[in-house]
Amino acid sequence: MAGGLFLLTAIAEILGCYLPWMWLKGKAGAWVLLPAAASLALFVWLLSLHPAAAGRVYAAYGGVYVATALAWLWVVDGIRPTAWDVAGAGIALAGMAIIVAADRS
């Protein structure tokens, strides 16, 4: 469940930033700013659903964001991540796993 929630959160954030980027680059009309704002509002709401302390959620979420952004690069932008990209995402996800799995008792 937490992994899926992190993934949805990352997609909402990336979409909320990607659409204005498209507009600024002249690749989309200003109308994309409305779904971008809705996507960023969804992102914030999804972050609030995570059960851990906010700072810990943001730190753990970062690893999933990095991996999701690289998947976006490949799927949406058509650019295949390099071995360095994959290694960096793996390290970020390992850091996330340490944060999430740590004994807090």
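Rules and cut-offs
Residues numbered from 1 in each chain as written. Predicted model: local features only at pLDDT ≥ 70, side-chain atom pairs only at ≥ 80, totals over all residues. Heavy atoms only, no water. Patch = residues over 30% accessible without salt bridge, like charges linked within 9 Å, V, L, I, M, F, W, Y side chains within 5 Å. Areas by Shrake-Rupley, 256 points an atom, 1.4 Å probe, with all protein chains shown as cover. Salt bridge = Lys/Arg side-chain N within 4 Å of Asp/Glu carboxyl O. Helix = DSSP H or I, 4+ residues; strand = E, 2+ residues; numbered from the N terminus. Phe/Tyr/Trp six-rings, centres within 6.5 Å; stacked < 30°, edge-to-face > 60°. Buried < 20%, exposed > 50% of the residue type's maximum accessible area, 1.4 Å probe, protein only.

### A short note on a nonpolar patch on the surface
Judged by side-chain polarity, W23, L24 and L33 come together as a nonpolar surface patch covering roughly 300 Å² of accessible area. When you line up the elements, W23 lands in helix α1 (residues 2–24).

### Some details on the environment of I11
As for its position among the elements, I11 is in helix α1. Sequence separation between I11 and A71 is 60 residues, and the spatial gap between their C-alpha atoms is 10 Å.

### Some words on the packing of aromatic side chains
A full pass over the atoms with the stated rule returns five aromatic pairs. Aromatic pair Y18 and W21: ring centres 5.6 Å apart, planes at 25 degrees, arrangement stacked. Here the residue Y18 and the residue W21 both occupy positions in helix α1, the gap between them amounting to three residues, near one helical turn. The class of Y18 is buried, set by a relative accessible area of 17%. For the ring pair F43 and Y61, a centre distance of 6.0 Å and an interplane angle of 40 degrees mean the geometry is tilted. Of this pair, F43 sits in helix α2 (residues 33–48) while Y61 sits in helix α3 (residues 54–75); the two residues are 18 residues apart in sequence, bridging distant segments of the chain. Taken as a pair, F43 and Y61 share a single burial class, namely buried.

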